[in-house]
Amino acid sequence: MNGPIRPGASSRHVAAPASGAATAPRGRAGVVTRLLAAAVDGVVVVVLAALVDLGAAGARFLWSPVDFRWPQPTTSLVVAVLVAVAVVYLSVGWALAGRTYGSKLIGLRVLSSRLELLSWIRSVLRALVCVLWPVGLLWCGIDRTRRSVADLVVRTVVVYDAQPYVRVPDGS
C-alpha cells in the first residue's frame with residue numbers, strides 16, 4: 001500500500017498524499033452538490049448521444065450518399081440510446097476514477113463503503129439504478145448519512161474529494 005502516487009493512475013485505492021499516509025475523504029456529499037454534478041453529467045450525456053446520432057448519420061451517408069436522408073429515430077430508440085449512453089458514461093467514470101466529469105468539477109468521488117473505487121459490476125449496477133430511478137438521488141437530502149437510494153442499494157458513498165491522485169499498488 002505504500003506505492004508511489006501518479007496522476008490518473010488506475011487503482012482500487014483512492015487519494016492519498018505523497019507522504020504515504022492515507023487521507024480519509026472530508027465528508028459525505030449533500031443533495032445540492034450531487035444535483036449540480038448530475039446536471040453537468042446530464043449535459044455530457046446529451047452531447048454524447050448527439051455525437052452517436054451524428055455518427056449514425058455519417059455512417060448512413062457513407063453507405064449510400066445518393067439516397068441519404070437524415071435519420072428519423074423513434075422516441076423509444078432515442079430513450080434507449082440516452083439510457084445506454086448514460087449507463088456507459090457513468091459506469092466507466094465510476095469504475096476507472098470514482099468520478100465523472102460533473103463529479104470532478106464539483107469535487108466529488110463515488111466510493112465503496114470501504115472507501116475504495118467501485119468494481120465494474122458495482123459501477124454498472126449503480127449506473128442502472130441512477131439512470132432508471134433518478135428521483136432516488138433526492139433521498140440523500142433526508143437521509144442522515146447523506147446516502148441516495150443508489151448508494152443504499154449498491155452500498156456506496158459519495159464524498160467530497162478534490163484530490164486528482166490515486167494510490168498505485170506496489171505489486172506486493
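Residues numbered from 1 in each chain as written. Predicted model: local features only at pLDDT ≥ 70, side-chain atom pairs only at ≥ 80, totals over all residues. Heavy atoms only, no water.

Draft legend 1. Region of interest: the pattern of salt bridges. Under the definition given, this model contains 3 salt bridges. One salt bridge connects Asp 151 with Arg 34, and the closest N-O pair in it is separated by 2.6 Å. Of this pair, Asp 151 sits in helix H5 (residues 149-154) while Arg 34 sits in helix H1 (residues 31-63); the two residues are 117 residues apart in sequence, bridging distant segments of the chain. Assigned by exposure class, Asp 151 and Arg 34 land together as buried. With a closest N to O distance of 2.6 Å, Asp 151 and Arg 126 form a salt bridge. You can see Asp 151 sitting in helix H5 and its partner Arg 126 sitting in helix H4 (residues 120-132), a full 25 residues away along the chain. Given a relative accessible area of 3%, Arg 126 falls into the buried group. (Salt bridge = Lys/Arg side-chain N within 4 Å of Asp/Glu carboxyl O. Helix = DSSP H or I, 4+ residues; strand = E, 2+ residues; numbered from the N terminus. Buried < 20%, exposed > 50% of the residue type's maximum accessible area, 1.4 Å probe, protein only.)

Draft legend 2. Layout of the nonpolar core. Counting residues in each nonpolar core, the largest one holds 14 residues, and the members touching the most others are Val 45, Leu 90, Trp 94, Leu 108, Val 110, Ala 127 and Val 158. Elements supplying a minimum of two residues to this core: H1, helix H2 (75-96) and strand E2 (108-112). The leading source of residues in this core is H2, at 6 residues. The contact partners of Leu 108, leaving out residues within four places of it in the chain, are Ala 29, Thr 33, Arg 34, Ala 37, Arg 99, Ser 103, Val 158, Val 159, Tyr 160 and Asp 161. (Core = buried A, V, L, I, M, F, W, Y, C linked by side-chain atoms within 4.5 Å. Contact = heavy atoms within 4.5 Å.)

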